[in-house]
Amino acid sequence: MISLYRKRPGAGRSAPGQIPFGIRVNNRLFSYNQLFTNPNQMYKFFIAFPCNWDRRVLFKILLIMKLTFVLLLVALLHVSAATYSQNISLKVKDVSLLDVFKQLHRQSGVEFVYDNKMLKEAKHVSINAVNEPLAVVLEQCFEKQPLTYEIIQNMIVIKSRPADNNADNKAPAITVTGKVTDEKGVPLAGVTIKLKDGSASTSTRKDGSYSITLPDGGGTLIFTFIGFASQEVPVNNKHEINVVLKETATGLNDVVVVAYGQQKKVSLIGAISTIKAEDLKQPVANLSDLIAGRVAGVIGVQRSGQPGYDNAEIYIRGIATFTSSSPLVLVDGVERDFANVDPEDIASFSILKDASATAVYGVRGANGVIIIQTKKGKPGKATINAQYDQGVTQFTRIPEFADGVTYMQMANEAYKNSNPTDPLPKYSDERIQKTAAGTDPDLYPNVDWFKVLFKKFGQNRRARVNASGGSENAQYYLSVGYYNENGLYKTDQLANYNSAIKFDRYNFTSNLTLNVTKTTKVDFGASGWISNGNYPGNSVDAIWGSAFVMPPIVIPPVYSNGLHSQIRTGDVLNPYNLLTQSGYVNEFRSQLWSNIRVTQDLGKILRGLSATAMYSFDNYNSHTISRTKTVDGYQATGRDANGNLLLDKTSIGTSFLGYNRSNGGTRQFYTEAAVNYSNTFGKHAVTGLILYNQSDREDAFANDFISSIPYRYMGIAGRGTYAYNNKYLAEANFGYNGSETFAPDHRFGFFPSFGLGWVISEESFFKPIANTVQFLKLRYSYGVVGNSNIGGRRFAYISTVGGGNGNYSYGQNGTNQSLNGLDIGDYAVSVTWEKAKKQNLGIELKMLDNAISLTADVFQENRTGIFRQRGDVPSYAGIRTLPYANLGEVHNRGVDATLDINKRIGNNWVAAFRGNFTWNRAKVINDANAPWPYPWQQRIGRKLGQRFGYTDLGLFQSDADVANSPYQTGTNKPGDIKYKDLNGDGKIDNFDQGPIGYGSIPEIVYGFGPTISYKGFSIAGWFKGISNVDVSLNGDGLQPFSQGGERGNLLAQITNRWTPDNTNPRPFYPRLTYGNDNMNYANSTWWVKNGAFMRLQTLQLSYDFAGAKWLRSAGMSNLSVYFIGYNLWTVSGFKLWDVELGDGRGAQYPLLKTYNMGIKCTFK
Amino acid sequence: MKNTIIKCGAVLLMVTLIFSSSCKKYLDQVPNDRITIEQVFQKKGPSEQYLANIYSYVDDLSEQWTQNPWLGNADEVDITWSKYSIYDLNIGNIGPSNAIFDRWGYYYNGIRAATYFLNHIDGNAEILALNGQQLIDQYKAEARFLRAYFYFLLMRQYGPVVLVGEKEIPADATADAMQLPRSPYDDCVNYVSSELDKAAAVLPRVASNNGQASDVQAGRATIGMALAVKARMLLYAASPLYNGNTDYASFKGSDGKPLINQIYDLQKWKKAADAAKAVIDLGLYQLYKDGSGDPVKSYQGIFLQQWNSEQIFNRKSNSLPTWDTHCMPRQAGGWDGIGVTQEQVDAYFMKDGKPITESSLYSESGYTNVNGVQVYNMYINREPRFYASVTYNNAVFQGGNMQSAAPISFFVSGPNSKNGHPTDFTKTGYLVRKNVGTQTNAGSGGNGAQQARPLALFRLGEVYLNYAEALNEYSPGDADIVKYLNLIRERAGVPQYGASANLPIPPSQADMRTRIRQERRVELAFESIRWFDIRRWKIAAQVMGDVHGMNMNKDGDDFYKRTVVSNHLFRSPASYWFPISQYEMDRSKLIVQNPGW
């Protein structure tokens, strides 16, 4: 797509990447200061050529452009790719200077600032220039004029020529020559070179060289060029002065990837935010873990750190529906999963948030869109990058368990509380003493299960090599990568197989671009990965879960005689056996993506027209091979006379590895064809796009007939944009597409959107503050987007037949007839997609010499027609699966903002700060359920995901307090949690559950980080945080002695409990009980803890050897070494486990902390 | 400019043409020959599968800790695990908003499926071709029987219910159009009773295929099943809880009519007696007796002998092996947690046919050496059904993973005690032995063997007792009363009333009532009967509350002390019926909640 824009005819007027949208805003404001501080000169400022042209003028200009400059434009197109130029072709005879200015403006976009009175004194000029630099033409204009000019960014300010005072004082003249290039060494043609406080001026030739004759060798030369920072160089009698001009880093020339194309950032109306590819290069395998907090508009949390299964949940602008809220993710234009994309291969990462940006995706766009483009080759010498990273990993935080002695003491206390009449303690003093002594760990174990299960450190590493380069006609980007991660589980040295948790991944990417003819371009991309994961025979959930239910004092991990321990029950399993004695699971997954795109420039038919077509084929496979077993388990009952263990066999294992497999796989075809139009007519810039696409994805291992049917959609999309003078922007988009999941008559939907933008800083009234604020844009968009990914069921328009309640058997005397049941599965209902009406108001601001830039958006979304299972059907209707309908409605609103501060201090220091912030709150308007009996129970009107539970009033203080309080189920005594009776009926039941806390998905996600660099050194930090979120605690292990016996581990926090002597009014635990005696562990405010946190997600120290002489001799063009610390430090009030894991008891594989050293070299 | 427009238009037109010509087919993907509900009712096999699905709602009583509360929430059994909802029910942690053991929607699913079947099976082309209208009529009668049975299951748990009628409520109707009220209990009884009669008029006497008795169809509805369900329902309907129970004077439907009849009607007992007699008069069933004449084996065989002559209504697929494992001691690899209460132990007669309170044989002191094991005298000289039903301390057991018979000790230092396992131990010092398949070996250390057998939901023994009870109310002194009561005792190996001067026929109606109730409690123990009996007799408030067992914290003599082990809370009037869930109350505008909730 790049080529389409590169070759747009607008480039004829100026350079690519510098299309006129950006010109005016590039003003350097000190120039105005200079002008204003000169009291002798009174200027009137006119914005040249205000918009009063009628259609005839427009048409005339079209004609002129068509007839006079066709050749010129073609020529320009070719050179423009490599270097900047502002060449002019102009043939006029004896015309006013004003007319010449007009022509120059049209051709180059350059603005003239002048005083009308002054211009009247000017002489008519004749010019005959063919493809001459602008500066050369200007020299011709002003050669014999009483006027001179100064280039200030993109403005040419006309002044009267100062009187030549130096005529008498003649010093020896000097001729200075040299060459002007940009930072990449590309020669710059047309750079204006002027003597400060003098009349001498010239401009560079095509090869960047210049020659200027100066009255003496003591002056200062000023080099100015549009889009570049001007430079002053003292002559000091030198004869050769070579200058490197720096491009002004305003970012306004940046191009942003948008739906089916790209746009210049300045002219953007849609709410789109981007992540720099650099920010994604962190020591994690899964790209999805890095998104939240890195970019405005994304709400996300990561719930597991298990290698290979550490996908984060990502929601663009939060969750606004009851159905799927996952955004549409497109990699190189095709719907693909990005988790395993190597960040090194990413060229751009855009998040499309509002309707204007996403309406073209129609029924797929309502949840926002993520667009990732992989790198492509650039013409030039081959560049090879090689990189190696080695990381050491650790759990961020895991729960701590109480030791065996504490366990037994607490159990005795709890048992006494629940069974006050029993004279015997649960555990005798003798047993406690023997456990404390630790002399017989077989009979008196004292096990810290986490120590048994986990190693202290794991590791991850990655290596990558990529190469890019090519000629004008063919460019390539090739990359291979390897990622390896070892988890923190221990293994049994004696087992002959490897149950270690391990994840390897090999990536490759290749992108080729071929310019087959002058107007035809072919892009070919193929990329893929293969991953190989090795896991214990039991799931992470099972292992962690059993560590939470196995108390420390029942069995040792293994008996000293080598026999495996297991207690006599089916649901409290030895976690060590689950981890190390259960065999192993090998899982390999692979993915291949391929796409080919042909782009044809149709400029011959109509200038600015081009067509493109793409076809892609993707394939994904996964194979899970389980070789699992169980071991015989024993439990010691004592010792015989000889001191040998007496063991009961408590479970019979399979002893040998079994075999099981499961497979998954999909394939996907995607086809797209589009016609693009882009042209400018003077100040009017117009683009258009019509696109057709279709996709077909099939699940090769579907579990049922319905899901085995290919998933298809098709549609057309269109976009038109219009910009007037880079000031007023308008855009309209539509998607018209269909999804196979709906009834034939309701398949296609039309999703329009429009947007308006106003670049206020372009207005004349803005000029007074233009020295503080360089750029200010307001934009608004409104549109409708759909979501066909409505979950629940596919093809809801047909009824299904299902298995019903189950089977039934008949037959006696050895006969058997077992019939599987059949029943109506789902009733047919008329359904359609969800509709999201979205509004977005955004402001973009750059100020203080572009050092600060701020983008802020407020948004509002009404999601209607959410596919919901009807909740208003009485049960006596007997409908097994409640029918669905488009009944739900959710309103979502929020803000997101990005702040960028970038300041260069002196030549060597750069300080930068970036930050982003996202807040959203979605409110349930209709959840298709019957209303609840009490207002505080209502879901409607509350935020989506609102938590409900009891409100605690602290702990009961006395028996009288219990007696005088509303009835609570079970035995309640001082020290138990007292709840609020919301409906005042004298008893605590579910009717008293109201909204508590926020919910498990944060409302606020933010990130920020400073970067400081000095010469080659740089230090960068990135903090990520979430807020307005909470964690609800529950489950075995958290709730002590929940089932009244040796089931359930205890957290170390157990000692912080209520006792008659404890004066703390809010200890962590209420009165301990043995069994589920009362409502202490019901969902309540007592157990909802603030889940907000801020973590130092990355800390990066790097040193760049760029420019070191020895690098060249080693054949390198660059070398950098760096350290990255990931998840190093977390600030949170929540201390039990890694707070990001969320609700429950922390029984998940936690997030990882990584210390990573890396080296990267570039060969050129 | 014009050119531009024309060209753009041409391109647009082209794109649109391509698009519109291909799109229709591309998205039309759902094949026409997939299975549809219309197809199901045109074919024989799928229709039978549909019918099997209706059957699958038949009560599986073998799971008594989260699915059925009928044992653990009565006074006969204490179920040990606090993680199961039976525990919550016993401590009173139940309510409309926490409707545990809620079966309201579940049985209505079965009712809807049956109604749909009745309304759609006619004209099934394949069945008509193969078997003719006769089989369709039989299947319809089966569905009609099942629907009536599901209504009965709802009524016993919730009292008056919603009668939906002959048409299923359309799935796409508005919520307002779906509203129906609860019908008075008597209306429900009359409706179900007439439905059962209708079904019985068509159903075969024995499971049949094309009119021929067929083993492979065993388990399908028969006349006996319909009449047995009717007999039990009418017995319930005649009982004090439902028959003129003025406690429910204010329990009215949304139209203001009382849901429970306020006037006692003696004729209801007659109907109940007649209905029970009708089952007996079918002549299809006999009490099961073991060939050896050993009453313990006879009594155990009622459940363990598959498809025996006493069983009327069996559920073939069930989870009895799981029940077995839960009942077995840990020594046998079991979960050791279905504990018989002391109250139930005390209910068993002595071998002289008298209750422990009246028999001279009963003693609560000392031990007797039985096969080398000291057995507490409380367990000596009891009736055979006690030994067939209860595992007490030092009772001999063999099964599960026990290779040989051994005494089972519940002493605190013993292998089945509260020590040595976090959660799996009986709190009462007894375990259920009745209907425990000893060949099941699926517990810890087990080989996974399962002793599969049908679950008897209705059996002739209960019908005899139903008959005796109803007759004693309607026609005290009728000779049939003591006849059928004694038939039960005879099989159980207990001396019959009137057989000796020591054990006379109970002289008064009240005496007889007491004896019948004692007999029901023992004979029908652990069969999900007691829970309903203590409620319909309105004695639940007296017999529930604290339940007792032996002292599990002790060894030796100290063990044999009656100890409160648990409390099975009964709150009047709430505990008579289950609450209708708040979920349903919120959606059903015409439904009134049960009293007390």
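Summarised in this report is the structure supplied together with it. As the structure is a computational prediction, the values presented were derived from the model and not from experiment.

### Observations regarding the sheet that holds strand 9 (residues 209-214) of chain A
Residues and elements named next belong to chain A.
Part 1 of the argument: The 3 strands are arranged 9-6-12 in an open sheet whose pairing can be described as mixed. Of all strands in the sheet, those bounded by a partner on one side alone are strand 9 and strand 12 (243-245). Between one strand and the next, the sheet's axes are offset by a mean angle of 35 degrees, whatever the strand orientation.
Part 2 of the argument: Alignment of strand 6 (residues 174-182) against strand 9, held across 6 bridges, turns out to be antiparallel.

### What to know about the nonpolar core
Part 1 of the argument: Counting 188 residues, the largest nonpolar core has B:Ile54, B:Trp104, B:Tyr108, B:Phe145, B:Tyr149, B:Phe150 and B:Tyr379 as the members making the most contacts within it.
Part 2 of the argument: Ranked by residue count, the leading element in this core is helix 7 (residues 133-158) of chain B, at 16 residues.
Part 3 of the argument: For B:Tyr149, the contacting residues outside a window of four places in its chain are B:Val58, B:Asp59, B:Val229, B:Phe313, B:Leu457 and B:Phe458.
Part 4 of the argument: With 105 residues, the next largest nonpolar core counts A:Val301, A:Ala414, A:Val585 and A:Ile988 among its residues.

### Brief notes about the interface of chain A and chain B
Part 1 of the argument: Listed as interface residues are 97 residues of chain A and, on the opposing side, 92 residues of chain B.
Part 2 of the argument: Both sides of the chain A and chain B interface together cover about 8200 Å² of buried area, and 58% of this is carbon and sulfur.
Part 3 of the argument: When residues of chain A are sorted by the area they lose upon contact with chain B, A:Tyr808, A:Leu822 and A:Tyr876 head the list and together hold 11% of the total.
Part 4 of the argument: Where chain A touches chain B, the interface holds 0 salt bridges.
Part 5 of the argument: One can count 32 residue pairs in polar contact (both at pLDDT 80 or more) joining chain A with chain B.

### Concerning the packing of helix 9 (residues 223-238) of chain B against helix 10 (residues 267-281) of chain B
Residues and elements named next belong to chain B.
Part 1 of the argument: Closest axis-to-axis distance for the helix 9/helix 10 pair is 8 Å, and the angle between their directions is 160 degrees. One way to sum up the angle between helix 9 and helix 10 is to call them roughly antiparallel. As for how helix 9 packs across helix 10, the hand of that crossing is left-handed. Residues Leu227, Ala228, Lys230, Ala231, Leu234, Leu235, Ala237 and Ala238 of helix 9 form the contact with helix 10, whose own contacting residues are Lys268, Trp269, Lys271, Ala272, Ala275, Ala276, Ala278 and Val279.
Part 2 of the argument: Here the contact of helix 9 with helix 10 is built from residues that sort into 13 nonpolar, no polar and 3 charged.

So, how was this worked out
Residues numbered from 1 in each chain as written. Chains lettered and ligands numbered in written order. Predicted model: local features only at pLDDT ≥ 70, side-chain atom pairs only at ≥ 80, totals over all residues. Heavy atoms only, no water. Pairing = 2+ DSSP bridges. Helix = DSSP H or I, 4+ residues; strand = E, 2+ residues; numbered from the N terminus. Axes fitted to C-alpha atoms, helices over the stretch in contact; angles between N-to-C directions. Core = buried A, V, L, I, M, F, W, Y, C linked by side-chain atoms within 4.5 Å. Buried < 20%, exposed > 50% of the residue type's maximum accessible area, 1.4 Å probe, protein only. Contact = heavy atoms within 4.5 Å. Buried area = accessible area lost by both parts, 1.4 Å probe. Salt bridge = Lys/Arg side-chain N within 4 Å of Asp/Glu carboxyl O. Polar contact = N/O pair within 3.5 Å; in protein donor to acceptor, adjacent residues only side chain to side chain. Parallel < 35°, antiparallel > 145°, perpendicular 65-115°, else oblique. Left-handed = near helix turned anticlockwise from the far one by under 90°. Nonpolar A, V, L, I, M, F, W, Y, C, P; charged D, E, K, R; others polar.

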